[in-house]
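Each chain, written out:
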Amino acid sequence: MKKQYAASQSGLFLIELILSVFFFIIAAAVVMQLFVKSHFISKDTVNTNYALLYTQNISELFLAANGDFNAIEQAFHPETLLASEYGVSAALYFDKDWQRQTTPADAIYTITFDYNKETDANPFACLDIYIKEGSGNCEALNEHDYTLDCIHHQKIKKYTGGCNNG
């Protein structure tokens, strides 16, 4: 009689042990998912912070120069420049660590500026800054198709009083 009782208790102990191990496996899987998700959130936060930093620097320079795009051009030396009668489009390229790159092929992040000069009818100089993940090219600058996957976008208007800054 004692042997049956001991066998039944050891079976119950094994089932309890298996359930405990199963519970800890499920808990470990949930915790691992949380760690992975937090890593991606941290990466997105770092990218957003760099995007905001560059946007702020460019915006302050644009406003301090009274809406003159030449000040931005001299400070950042954009790799791509497209001029039109209304203004300029330019791009800066960065790798995964936000280090400047010279070609779109090496770029992970792209900062694109759209500058619209003031005119006699419109005394505002406008600068649109788009920061996106992925490399840009001249066609994208012309087509303005980069607004969909932006990390950050900022539009700055500076009243210039109708003076022509270039």
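Residues numbered from 1 in each chain as written. Predicted model: local features only at pLDDT ≥ 70, side-chain atom pairs only at ≥ 80, totals over all residues. Heavy atoms only, no water.

Colleague: Is there a simple way to think about the pairing of strand E4 (residues 109–116) in this case?
Modeller: The side chains of a regular strand alternate between the sheet's two faces. Most of E4 is tucked away, with 7 of its 8 residues classed as buried. Bridge analysis of strand E2 (residues 87–94) against E4 gives 8 bridges, and the strand direction is antiparallel. Note that in E4 the partner of Gly 87 across the bridge is Asn 116. Bridge count between E4 and strand E5 (residues 124–133): 8 bridges; the pairing is antiparallel. Each bridged residue has a counterpart across the sheet, and for Tyr 109 the counterpart in E5 is Glu 133. (Buried < 20%, exposed > 50% of the residue type's maximum accessible area, 1.4 Å probe, protein only. Helix = DSSP H or I, 4+ residues; strand = E, 2+ residues; numbered from the N terminus. Pairing = 2+ DSSP bridges.)

Colleague: So what exactly am I meant to see when it comes to the side chain of Thr 55 here?
Modeller: Structurally, the position occupied by Thr 55 is in helix H1 (residues 2–64). Those residues in contact with Thr 55 that lie beyond four places of it in its chain are Ile 129, Ile 131, His 152 and Gln 154. (Contact = heavy atoms within 4.5 Å.)

Colleague: Where do I start with the packing of aromatic side chains in this structure?
Modeller: To describe a pair of aromatic rings, one takes the distance between the centres and the angle between the planes. A full pass over the atoms with the stated rule returns 10 aromatic pairs. On the numbers, 5.5 Å between centres and 15° between planes, the contact of Tyr 50 with Trp 98 is stacked. Placement of the pair is Tyr 50 in helix H1 and Trp 98 in the loop between E2 and strand E3 (100–101), with a sequence separation of 48 residues. On the basis of relative accessible area, Trp 98 is assigned to the buried category, the value being 3%. A centroid spacing of 5.5 Å and a plane angle of 65° characterise the contact between Phe 124 and Tyr 159, whose relative ring orientation is edge-to-face. Of this pair, Phe 124 sits in strand E5 while Tyr 159 sits in strand E6 (residues 150–159), and the two are 35 residues apart along the sequence. You can call Phe 124 partly exposed: its relative accessible area is 28%. Within the aromatic cluster, the residues linked to one another by ring pairs are Tyr 50, Tyr 54, Phe 94, Trp 98 and Tyr 109. (Phe/Tyr/Trp six-rings, centres within 6.5 Å; stacked < 30°, edge-to-face > 60°.)

Colleague: I keep staring at the pattern of salt bridges and nothing clicks. Help me out?
Modeller: Tallied over the full model, the rule gives 2 salt bridges. When the shortest N-O distance is used, the salt bridge between Lys 96 and Asp 97 registers 3.8 Å. The exposed category is assigned to Lys 96, whose relative accessible area is 60%. (Salt bridge = Lys/Arg side-chain N within 4 Å of Asp/Glu carboxyl O.)

Colleague: What is the right way to look at the confidence of the model for the protein in this model?
Modeller: For the protein, per-residue confidence averages 84 on the pLDDT scale, and residues scoring 70 or more make up 84% of the total. Mean pLDDT values over the elements of the protein span from 45, in helix H3 (residues 138–143), up to 92, in E3. (pLDDT = per-residue confidence, 0-100.)

Colleague: What am I meant to see in unusual backbone geometry here?
Modeller: Trans is the common state for peptide bonds, and a negative phi is the common state for residues other than glycine. A positive phi angle is found at Asn 66, which is not glycine, with a value near 60°. Take Asn 66: it is sitting in the loop between H1 and helix H2 (69–76). The phi torsion at Trp 98 lies on the positive side, around 60°, for a residue other than glycine.

Colleague: I'm lost on a nonpolar patch on the surface in this one. Help?
Modeller: Nonpolar side chains collect at one region of the surface, where Phe 13, Leu 14, Leu 17, Val 21 and Ile 25 lie side by side and expose about 480 Å² of accessible area between them. Take Ile 25: it is sitting in helix H1. On the accessibility criterion, Ile 25 (53% relative accessible area) is exposed. (Patch = residues over 30% accessible without salt bridge, like charges linked within 9 Å, V, L, I, M, F, W, Y side chains within 5 Å. Areas by Shrake-Rupley, 256 points an atom, 1.4 Å probe, with all protein chains shown as cover.)

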